[in-house]
Amino acid sequence: MVDLRSDTVTRPTPGMRAAMAAAEVGDDVYGEDPTVNALESEVAAMFGHEAALFAPTGSMANQVALQTLVPPGGELLCDADAHVVTYEVGAAAAYGGISSRTWPPVGGDLDPDLVAAMIRPAGYGAVPTRAVAVEQTHNRSGGQIIGLDVLRGLRAVTADAGVALHCDGARIWHAHIADSVPLADYGALFDTLSVCLSKGLGAPVGSVLVGSAERIAAARVLRKRMGGGMRQAGVLAAAGRYALRHHVERLADDHVRAARLAHALAPYGIVEAEQVRSNIVALDLTKAPVDAAALVDAAGVEGVRLAAVGPGAARLVTHLDLDDAAVDRAVEVLTGILGR
Ligand SMILES: *Cc1c(COP(=O)(O)O)cnc(C)c1O
């Protein structure tokens, strides 16, 4: 089976399992888990921030961050395809009382001026914009990367307006590797960043929220309120620490494999190979002879799994548990179906 549905399907490697088994642990709700504490300070330092908070999921890390940035009734601006408004089950509204307004999906092609024009100041009867969130890499666009200059432009816009800036950096590691941007350069631009250990990095569970000491202290309370206070979580944090040491540089391999998939499928008019710069290949099947469900079914029969993300859209994601032979097999099966 070649599973290209998501980079969340990876299983912990033997080395990672050994690190988990050997982890020193304590009760993290008392702040006494040394492995969680080490992970939090390491990730904070990587992004040049004061503090960090280990969370069970990226969704919780995002939502806790947004609740520290936007008071109830305040507004969040983000891309219409952003994970925070498409895949988090309305959490910003349900838990934070946060009103969300979106710009049309642009993936990595973000225009800071467009965001500037959307920001609403506080005033009688208005919904004040309190935060802007961006995604790096941008999931639904096919892992597109927002350039550092664009992010700097956006930071200037939000700073000017007194609005906070959050990064949903579930795959910020991929942007760091693809664009050779130091993590601290990204860190310097955002009030909060949430980063996933369980996507491309291959840990079984976990995300980390990064920010100022004051904000992370507030986030710790909100995480507990949402039921995210964990006890001997060092077993999980150890997997994350292992992933940070061993699985960041190798993301370059995933990018090469995604590019190979894209180049092989480009002749069928369903993807522009130059658009694929990280580990996600978004397929536009609107003009293809098969729709997403039919492609998923036909490939599944031959042992290749991909994800339908709409009637005319599917995606392929490369990750730690796939090698070159797996990608070759996927190319053979998919081109076979598309060429029928
Ligand atoms: C996966 C992902 C998250 C977090 O998802 P969880 O399943 O809650 O860990 C957040 N943002 C993006 C862009 C993602 O791809």
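Residues numbered from 1 in each chain as written. Predicted model: local features only at pLDDT ≥ 70, side-chain atom pairs only at ≥ 80, totals over all residues. Heavy atoms only, no water.

**Q** Which parts of the structure should I look at to understand unusual backbone geometry?
**A** Among all residues except glycine, the phi angle is most often negative; among peptide bonds, the trans geometry is most common. The peptide bond linking Q136 to T137 adopts the cis configuration, its omega dihedral lying at -10 degrees. Along the chain, T137 falls in the loop between strand 5 (129–135) and helix 7 (148–161). For V89, which is not glycine, the phi torsion reads 55 degrees and is therefore positive. Residue position: V89 is located in the loop between helix 4 (83–86) and helix 5 (91–96). Despite not being glycine, S180 has its phi angle at roughly 50 degrees, a positive value. Checked against the element boundaries, S180 lands in the loop between helix 8 (172–179) and helix 9 (183–187). (Helix = DSSP H or I, 4+ residues; strand = E, 2+ residues; numbered from the N terminus.)

**Q** I keep staring at helix 14 (residues 324–338) and nothing clicks. Help me out?
**A** Think of an α-helix as 3.6 residues a turn; residues three or four steps apart then line up on the same face. With 15 residues, helix 14 extends 21 Å from end C-alpha to end C-alpha; this agrees with the ideal 21 Å at 1.5 Å per step. Looking at helix 14, one finds that the buried residues are A326, V327, A330, V331, V333, L334, T335, I337 and L338. Those residues of helix 14 hidden inside the fold are in contact with strand 1 (2–3), helix 12 (251–265), helix 13 (292–301), strand 10 (304–305) and strand 12 (313–317). (Expected span 1.5 Å × (residues − 1). Buried < 20%, exposed > 50% of the residue type's maximum accessible area, 1.4 Å probe, protein only. Contact = heavy atoms within 4.5 Å.)

**Q** What is the right way to read the domain arrangement of the protein chain from this model?
**A** Interface extent is often summarised as the accessible area lost during association of the parts. Domain boundaries assigned for the protein chain yield domain 1 (14–246) and domain 2 (250–338). When each unit is reduced to the centre of its C-alpha atoms, the spacing between domain 1 and domain 2 is 28 Å. Counting residues at the interface gives 18 residues for domain 1, matched by 13 residues for domain 2. Here domain 1 packs against domain 2, burying approximately 1300 Å² in sum over the two surfaces, 52% of which is carbon and sulfur. Broken down residue by residue, the surface that domain 1 buries against domain 2 is led by G142, H174 and I177, which jointly contribute 31%. One salt bridge in this structure joins R277 and D179, with 2.6 Å as the shortest N-O distance. Here domain 1 and domain 2 share 6 residue pairs in polar contact (both at pLDDT 80 or more) between them. (Domains from an automatic or database assignment. Buried area = accessible area lost by both parts, 1.4 Å probe. Salt bridge = Lys/Arg side-chain N within 4 Å of Asp/Glu carboxyl O. Polar contact = N/O pair within 3.5 Å; in protein donor to acceptor, adjacent residues only side chain to side chain.)

**Q** Got a minute to help me understand the packing of helix 8 against helix 12 in this structure?
**A** Any two packed helices are characterised by the angle at which their axes cross and by the distance between the axes. The geometry of helix 8 relative to helix 12 is characterised by a closest axis approach of 9 Å and an angle of 80 degrees between their N-to-C directions. Between helix 8 and helix 12, the angle is such that the two are roughly perpendicular. Taken together, the residues of helix 12 that come into contact with helix 8 (itself represented by W173, H174, I177 and A178) are L251, A252 and H255. Per-class residue counts for the contact of helix 8 with helix 12 are 5 nonpolar, 2 polar and no charged. (Axes fitted to C-alpha atoms, helices over the stretch in contact; angles between N-to-C directions. Parallel < 35°, antiparallel > 145°, perpendicular 65-115°, else oblique. Nonpolar A, V, L, I, M, F, W, Y, C, P; charged D, E, K, R; others polar.)

**Q** What is the right way to look at empty space enclosed by the protein in this model?
**A** Taking a probe equal in size to a water molecule and rolling it over the atoms shows the remaining empty space. Scanning all chains against the criterion turns up 1 cavity of 30 Å³ or more. In this structure, the largest cavity occupies an estimated 50 Å³ of space. Around the largest cavity, the lining residues are C78, D79, A82, W103, G107, L110, A133, V134, E135, H138 and I146. The set of elements that each furnish at least two residues to the lining of the largest cavity consists of strand 3 (75–79) and strand 5. The element contributing the most residues to the lining of the largest cavity is strand 5, with 3 residues. Looking at the lining of the largest cavity residue by residue, the classes come out as 7 nonpolar, 2 polar and 2 charged. (1 Å grid on protein atoms, 1.4 Å probe; cavity = no way out; pocket = protein on both sides within 12 Å on 5 of 7 lines; lining within 4 Å. Points joined across faces, edges and corners; volume = space filled by probe spheres on them.)

**Q** Teacher, can you tell me more about the sheet that holds strand 5 here?
**A** The strands making up a sheet associate through backbone hydrogen bonding, with each pair oriented either parallel or antiparallel. Sheet architecture is open: 7 strands sit in the order 2-8-7-6-5-3-4, paired in mixed fashion. With partners counted over all chains shown, the strands left at the sheet margins are strand 2 (51–55) and strand 4 (99–103), one partner each. Each strand axis lies, on average, 20 degrees off the axis of its neighbour in the sheet, ignoring direction. Bridge analysis of strand 6 (residues 164–169) against strand 7 (residues 192–196) gives 4 bridges, and the strand direction is parallel. What sits directly across from H166, in strand 7, is T192. The strands touched by helix 2 (residues 34–46) within the sheet are strand 2, strand 7 and strand 8 (207–211), with strand 2 carrying the most contacts at an inclination of about 125 degrees. Where helix 10 (residues 213–225) meets the sheet, its contacts fall on strand 2, strand 7 and strand 8, and the angle it forms with strand 2 comes to roughly 20 degrees. (Pairing = 2+ DSSP bridges.)

**Q** In this structure, what is going on with the environment of T129? I would like to understand it.
**A** Mapped onto the fold, T129 is located in strand 5. Between the C-alpha atom of T129 and that of V70, which follows or precedes it by 59 residues, the distance is 8.3 Å. Aside from chain neighbours lying at most four places away, what touches T129 is E75, L77, R101, M118, I119, R120 and V163.

**Q** Explain helix 8 to me, please; I cannot follow it from the model alone.
**A** In terms of burial, helix 8 is a largely internal element, 6 of the 8 residues being buried. Along helix 8, the residues classified as buried are I172, W173, H174, A175, H176 and I177. Next to the buried residues of helix 8 lie helix 2, strand 6, helix 9, strand 7, helix 11 (234–246) and helix 12. Among the residues trailing helix 8, S180 stands out with phi positive, at a value near 50 degrees.

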